[in-house]
Amino acid sequence: MPEEIVQPESPSVGSKPEVGSNFTLRDLLALTKFRLSALVIVTTLVAFWLRAGPQMDVWLLIHTIIGSTLAAFGSAVFNQLMEIGPDSRMKRTADRPLPAGRISPSAAFGIGWLLSALGLIHLVHRVNAEAAALTAMTLATYLFIYTPLKRQSTLNTLVGAVSGALPPLIGWAGAAGPEAAGDAYFRWSLLIEPGAIYLFALLFLWQLPHFLAINWMYRDEYVRGGFVMLANDDEEGARTSRHALAWSIAMLALMFQPVAYGLVNVWLFLPPALLLNLWLCQRALCFQKQPDRATARRLFFGTLIYLPVILIVSVMAWK
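Here the structure is a predicted model, which is why all the values come from computation and not from measurement.

**Topic: the overall build of the chain**
Step number 1: When helices and strands are counted, the chain shows 14 helices and zero strands.
Step number 2: Listed by position from the N terminus, the elements making up the chain come as α-α-α-α-α-α-α-α-α-α-α-α-α-α.
Step number 3: Relative to the 2.2 N^0.38 estimate, which gives 20 Å for 319 residues, the radius of gyration of the chain is 20 Å and therefore close to what a compact globule would have.
Step number 4: Counting only C-alpha atoms, the chain reaches 55 × 50 × 30 Å along its principal axes.
Step number 5: A buried classification covers 55% of the 319 residues belonging to the chain.
Step number 6: Taking as baseline every contact in the chain between residues at least 6 positions apart, the subset at least 24 positions apart corresponds to 77%.
Step number 7: Carbon together with sulfur atoms contributes 67% to the accessible area of the chain, which is approximately 14,000 Å² in total.

**Comments concerning the environment of Arg-239**
Step number 1: Here Arg-239 lies in helix 11 (residues 238-254).
Step number 2: Residues Arg-239 and Pro-291 lie 52 residues apart in sequence; the distance between their C-alpha atoms is 9.8 Å.
Step number 3: If near-sequence neighbours (up to four positions away) are discounted, Arg-239 is found in contact with Leu-230, Asp-233 and Asp-234.
Step number 4: A distance of 2.7 Å separates the side chain of Arg-239 from the backbone oxygen of Leu-230, its partner in a polar contact.

**Observations concerning the environment of Gly-195**
Step number 1: Looking at the secondary structure, you find Gly-195 in helix 9 (residues 194-217).
Step number 2: Distance from Gly-195 to Pro-258, taken between C-alpha atoms, is 7.2 Å for residues 63 residues apart in sequence.

**Details of the pattern of salt bridges**
In a structure, side chains of opposite charge can pair up when their charged atoms sit close to one another.
Step number 1: One pass over the full model with this rule turns up nine salt bridges.
Step number 2: Close ionic contact of Glu-130 with Arg-187 constitutes a salt bridge, the shortest N to O distance being 3.0 Å. With Glu-130 in helix 6 (residues 129-149) and Arg-187 in the loop between helix 8 (167-174) and helix 9, the pair connects residues that are 57 residues apart, well separated along the chain.
Step number 3: By relative accessible area, Glu-130 is classed as buried at 1%.
Step number 4: The exposure class of Arg-187 is buried, given its relative accessible area of 13%.
Step number 5: One network of salt bridges, in which partners are shared, links Asp-27, Asp-95 and Arg-102.

**Examining the packing of aromatic side chains**
Two numbers describe a pair of aromatic rings. These are the distance of the centres and the angle of the planes.
Step number 1: One pass over the structure, following the stated rule, counts twelve aromatic pairs.
Step number 2: Between Tyr-142 and Tyr-146, the aromatic rings sit 5.5 Å apart at their centres with planes inclined by 15 degrees, giving stacked as the arrangement. Placement of both Tyr-142 and Tyr-146 in helix 6 is noted, with a separation of four residues, approximately one turn of the helix. Residues Tyr-142 and Tyr-146 agree in their burial class; the two are buried.
Step number 3: Taken together, the aromatic side chains of Phe-78, Phe-109 and Trp-113 make up a single cluster linked through ring pairs.
Step number 4: Note that Arg-92 overlies the ring of Tyr-218, its terminal NZ or CZ placed 5.7 Å from the centroid.

**So, the nonpolar core**
Step number 1: If you look at the biggest cluster of nonpolar residues, it comprises 72 residues, and the most contacted ones within it are Tyr-198, Leu-202, Met-255, Phe-269, Tyr-306 and Ile-310.
Step number 2: Counting residues per element, this core draws most heavily on helix 9, at 16 residues.
Step number 3: Sequence-distant contacts of Tyr-306, that is, excluding residues within four places in its chain, are made with Leu-202, Trp-206, Met-251, Met-255, Leu-276, Asn-277 and Leu-280.
Step number 4: Membership of the second largest hydrophobic core comes to 14 residues, among which are Val-77, Ile-103, Leu-115 and Leu-143.

**Re the packing of helix 3 (residues 58-82) against helix 5 (residues 105-126)**
Step number 1: The interhelical angle for the contact between helix 3 and helix 5, taken along N-to-C directions, is 155 degrees, at an axis separation of 7 Å. Relative to helix 5, the element helix 3 lies roughly antiparallel. Crossing hand, helix 3 versus helix 5: left-handed.
Step number 2: In terms of residue class, the contact of helix 3 with helix 5 is built from 16 nonpolar, ten polar and one charged.

**Observations concerning the packing of helix 5 against helix 6**
Step number 1: Where helix 5 meets helix 6, the closest approach of the two axes is 8 Å, and the angle between their N-to-C directions is 155 degrees. Classified by the angle between their axes, helix 5 and helix 6 sit roughly antiparallel to one another. Contacts between helix 5 and helix 6 involve Ser-116, Leu-120, Leu-123 and Val-124 from the first element and Ala-131, Ala-132, Thr-135, Ala-136 and Leu-139 from the second.
Step number 2: A per-class count over the contact of helix 5 with helix 6 returns seven nonpolar, two polar and no charged.

**A short note on helix 14 (residues 293-317)**
Step number 1: For helix 14, with 25 residues, the first-to-last C-alpha span of 36 Å sits near the 36 Å given by 1.5 Å per residue.
Step number 2: The residue sitting at the N-terminus of helix 14 and contributing the capping side-chain oxygen is Asp-292; that oxygen lies 3.2 Å from the backbone nitrogen of Ala-294.

**Notes on unusual backbone geometry**
It is generally the case that most residues other than glycine have a negative phi and that most peptide bonds are trans.
Step number 1: Its identity as a non-glycine residue notwithstanding, Lys-33 has a phi of 45 degrees, on the positive side.
Step number 2: What makes Lys-33 buried here is its relative accessible area of 3%.

**A closer look at the environment of Ala-38**
Step number 1: Relative to the helices and strands, Ala-38 resides in helix 2 (residues 34-52).
Step number 2: Distance in space between the C-alpha atoms of Ala-38 and Gly-85 is 26 Å, their sequence separation being 47 residues.

Calculation criteria
- Residues numbered from 1 in each chain as written.
- Predicted model: local features only at pLDDT ≥ 70, side-chain atom pairs only at ≥ 80, totals over all residues.
- Heavy atoms only, no water.
- Helix = DSSP H or I, 4+ residues; strand = E, 2+ residues; numbered from the N terminus.
- Rg over C-alpha atoms; globule rule 2.2 N^0.38 Å.
- Buried < 20%, exposed > 50% of the residue type's maximum accessible area, 1.4 Å probe, protein only.
- Contact = heavy atoms within 4.5 Å.
- Areas by Shrake-Rupley, 256 points an atom, 1.4 Å probe, with all protein chains shown as cover.
- Polar contact = N/O pair within 3.5 Å; in protein donor to acceptor, adjacent residues only side chain to side chain.
- Salt bridge = Lys/Arg side-chain N within 4 Å of Asp/Glu carboxyl O.
- Phe/Tyr/Trp six-rings, centres within 6.5 Å; stacked < 30°, edge-to-face > 60°.
- Lys NZ or Arg CZ within 6 Å of the ring centre and 35° of its normal.
- Core = buried A, V, L, I, M, F, W, Y, C linked by side-chain atoms within 4.5 Å.
- Axes fitted to C-alpha atoms, helices over the stretch in contact; angles between N-to-C directions.
- Parallel < 35°, antiparallel > 145°, perpendicular 65-115°, else oblique.
- Left-handed = near helix turned anticlockwise from the far one by under 90°.
- Nonpolar A, V, L, I, M, F, W, Y, C, P; charged D, E, K, R; others polar.
- Expected span 1.5 Å × (residues − 1).

Now the structure itself:
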């Protein structure tokens, strides 16, 4: 998933302080991108709940959350290891523990491996092969495709949105439980169930206006860090805002998918879902009509409000 906003505290950009080991709990939370990883926990939980229903296996849910969260923490550590140089050149990331020198790269490498391995092993042994495979796919997409692509192509945002949309599938697959006798070792059918498609598409589409707004507001920072982003040379904001509006409209159209497949109670879901999406589209339209920092910021905060509300609406209306 593309990065969250991290406000700097004080370092001089581009400086290379001595690497130390006197890090704090706050540094560990920053290293694992705890706030961003919380999104993994929430979307995995919601997807598990929607597939399993109120009669869910609570312990299976807990094991799914534990495994996916550990892996999310591990991927965040490796991502920052791969971007120490760019992070040190950007004000908003220069005070992260690695570029600031509060945690050594070797220590971070060990932490990342431990968290990632524990997460995958836990999912294989306590949940199922599908959840573990989807988690491994998330790690691979995030670290080996998205992270290097950030310095090569503007397509990185789409790839990052794919990795950010996989956690709901982990929860959805986890709710299926262990394979029964006679089942295939990997149940591909879980990934094409209408509910899984809805949740994946929702998270994929939501990330695009969210991160396009971030990208445009901090385009100078991304240029300084050496990242190739859509908004880098879009000073007027015309291209970025047009894309943000298009993806917001696509998210509005998605609201008819769960209705068409009978996944939700139409009257509990469609009116609030359409109102919420129209409200977000209005913010994207304002950004498109007058691209400036204020309208981009309103769109960004609008997406932060949108996601938890649409997830709550989905849970309440789900059959």
